[in-house]
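Overview (structure and organization)
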There are 2 protein chains.
Amino acid sequence: MTDDVEVDFGADGLVPAVAQDADSGEVLMLAYVSPEALEQTRETGRAHYYSRSRDELWEKGATSGHTQSVEEVRVDCDADTLLYLVDQTGGACHTGHRSCFYRTVDGEEVGERVFDPDDVY
Amino acid sequence: MTDDVEVDFGADGLVPAVAQDADSGEVLMLAYVSPEALEQTRETGRAHYYSRSRDELWEKGATSGHTQSVEEVRVDCDADTLLYLVDQTGGACHTGHRSCFYRTVDGEEVGERVFDPDDVY
């Protein structure tokens, strides 16, 4: 038996969470997680985050259907960042790309587009 | 020719950057990046970050020798998170692990230890 790692949610009560495709290893997105979002993720096995712009708990894919089934939650050495290993349905990005990181900083598009956002949202 | 993506450094002037092993796909660490850190990274091809605790620009591996050669910098859909694709020398984590995400949130150690920090720091 091991004890849960105590996550350091810091002054704003949120930690960044990286979502990574559990099979391909592709980094899909980064979003923020509150204590409640982490609890819901661990209880349901579906990725939950906290929307800083809407100021609310958010289940990934609740609108789009592009849910993330969470295989494992990891925590970093300082316990202030999470890594969700997920099975991603459809695409993680609201632009229709598989990953939100579909561009280089030079502006070159390198990521795959997997759906048309006009059909989904 | 493409234009550079304008990164949104936000109110605190920093964005989170995920470092991923360019070959294996392993997520190695998350740290924060200032405009100057991004500029240095792009100019030198070596990963630079901004230390929030020490309040200074920081070249990864300057002390430990465990540098990150940056193959590509990606930016996410909102342009407020970066992804560094890197060749990591040694280990990314000051604990001696290859990746900072060497534990599950349940406290199980799943990551590989590649050096003894007592020998390095």
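Residues numbered from 1 in each chain as written. Chains lettered and ligands numbered in written order. Predicted model: local features only at pLDDT ≥ 70, side-chain atom pairs only at ≥ 80, totals over all residues. Heavy atoms only, no water.

If you check an unreviewed UniProt entry, chain A appears there as Phosphoribosyl-AMP cyclohydrolase from Halogeometricum pallidum JCM 14848. The Catalytic activity (unreviewed entry) comment attached to chain A in UniProt states, word for word, "1-(5-phospho-beta-D-ribosyl)-5'-AMP + H2O = 1-(5-phospho-beta-D-ribosyl)-5-[(5-phospho-beta-D-ribosylamino)methylideneamino]imidazole-4-carboxamide". As recorded by UniProt, the Subunit (unreviewed entry) comment attached to chain A reads in full: "Homodimer." (UniProt positions renumbered as here; feature names shortened; annotations may be inferred.)

Our focus in this paragraph is the UniProt feature "binding site: Zn(2+)" (unreviewed entry) in chain A. Residues annotated in UniProt with the feature "binding site: Zn(2+)" (unreviewed entry) correspond here to A:Cys77, A:Cys93 and A:Cys100. A maximum C-alpha distance of 27.7 Å shows the annotated residues, which cover 24 residues in sequence, to be distributed over more than one spot. Inspection of the secondary structure puts A:Cys77 in the loop between strand 5 (68–75) and strand 6 (82–88). Residue A:Cys77 is classed as buried on the basis of its relative accessible area, which comes to 18%. Among all residues touching A:Cys77, those that are not within four sequence positions of it are B:Cys93, B:His94, B:Thr95, B:Cys100, B:Tyr102 and B:Arg103. Given a relative accessible area of 9%, A:Cys100 falls into the buried group. Excluding anything up to four places from it in sequence, A:Cys100 contacts A:Leu28, A:Met29, A:Ala92, A:Cys93, B:Val75, B:Asp76 and B:Cys77. (Helix = DSSP H or I, 4+ residues; strand = E, 2+ residues; numbered from the N terminus. Buried < 20%, exposed > 50% of the residue type's maximum accessible area, 1.4 Å probe, protein only. Contact = heavy atoms within 4.5 Å.)

With that settled, the discussion passes to the sheet that holds strand 7 (residues 103–104) of chain B. Strand pairs in the sheet, formed through backbone hydrogen bonds, run parallel or antiparallel to each other. Spatial ordering of the open sheet is given by 2(A)-1(A)-6(A)-5(A)-7(B), a layout of five strands whose pairing is mixed. Of all strands in the sheet, those with a lone pairing partner are strand 2 (27–33) of chain A together with strand 7 of chain B, marking the two edges. Sheet topology note: the strand 1 (residues 15–21) of chain A/strand 2 of chain A ladder contains six bridges and is antiparallel. Across the sheet, A:Pro16 pairs through a bridge with A:Tyr32, a residue of strand 2 of chain A. Across the face of the sheet, helix 1 (residues 35–44) of chain A comes into contact with strand 2, strand 5 and strand 6 of chain A while running at roughly 40 degrees to strand 6 of chain A. (Pairing = 2+ DSSP bridges. Axes fitted to C-alpha atoms, helices over the stretch in contact; angles between N-to-C directions.)

The next thing to look at is the sheet that holds strand 7 (residues 103–104) of chain A. Sheet architecture is open: five strands sit in the order 7(A)-5(B)-6(B)-1(B)-2(B), paired in mixed fashion. Both edges of this open sheet fall to strand 7 of chain A together with strand 2 (27–33) of chain B, since each of them pairs with a single strand only. Sheet topology note: the strand 5 (residues 68–75) of chain B/strand 6 (residues 82–88) of chain B ladder contains seven bridges and is antiparallel. Across the sheet, residue B:Val75 finds its bridge partner in strand 6 of chain B, namely B:Leu82. Of the strands in this sheet, strand 2, strand 5 and strand 6 of chain B are in contact with helix 1 (residues 35–44) of chain B, which crosses strand 6 of chain B at around 40 degrees.

All names here are of chain A. Of all the residues in helix 1, the buried ones are Ala-37, Leu-38 and Thr-41. On an axial view of helix 1, the arc spanned by its buried residues comes to 100 degrees, and they lie on one face. On the buried face of helix 1, the contacting elements are strand 2, strand 3 (48–51), strand 4 (56–59), strand 5 and strand 6. Of the residues trailing helix 1, Gly-45 is marked for its positive phi of about 75 degrees. (Arc of directions from axis to C-beta.)

Where side chains of opposite charge bring their charged atoms close, a pairing between them can arise. With the rule as written, the count across this model stands at twelve salt bridges over all chains. We note a salt bridge from B:Asp4 to B:Arg42, for which the minimum N-O separation is 3.0 Å. A residue pair is termed long-range when its members are at least 10 positions apart, and B:Asp4 in the segment before strand 1 (15–21) and B:Arg42 in helix 1 qualify at 38 residues. Judged by its relative accessible area of 48%, B:Asp4 falls in the partly exposed class. Where B:Arg54 meets B:Glu56, a salt bridge forms, and the shortest distance between an N and an O atom there is 3.2 Å. Sharing partners across several salt bridges, the network here consists of A:Asp4, A:Arg42 and B:Asp106. (Salt bridge = Lys/Arg side-chain N within 4 Å of Asp/Glu carboxyl O.)

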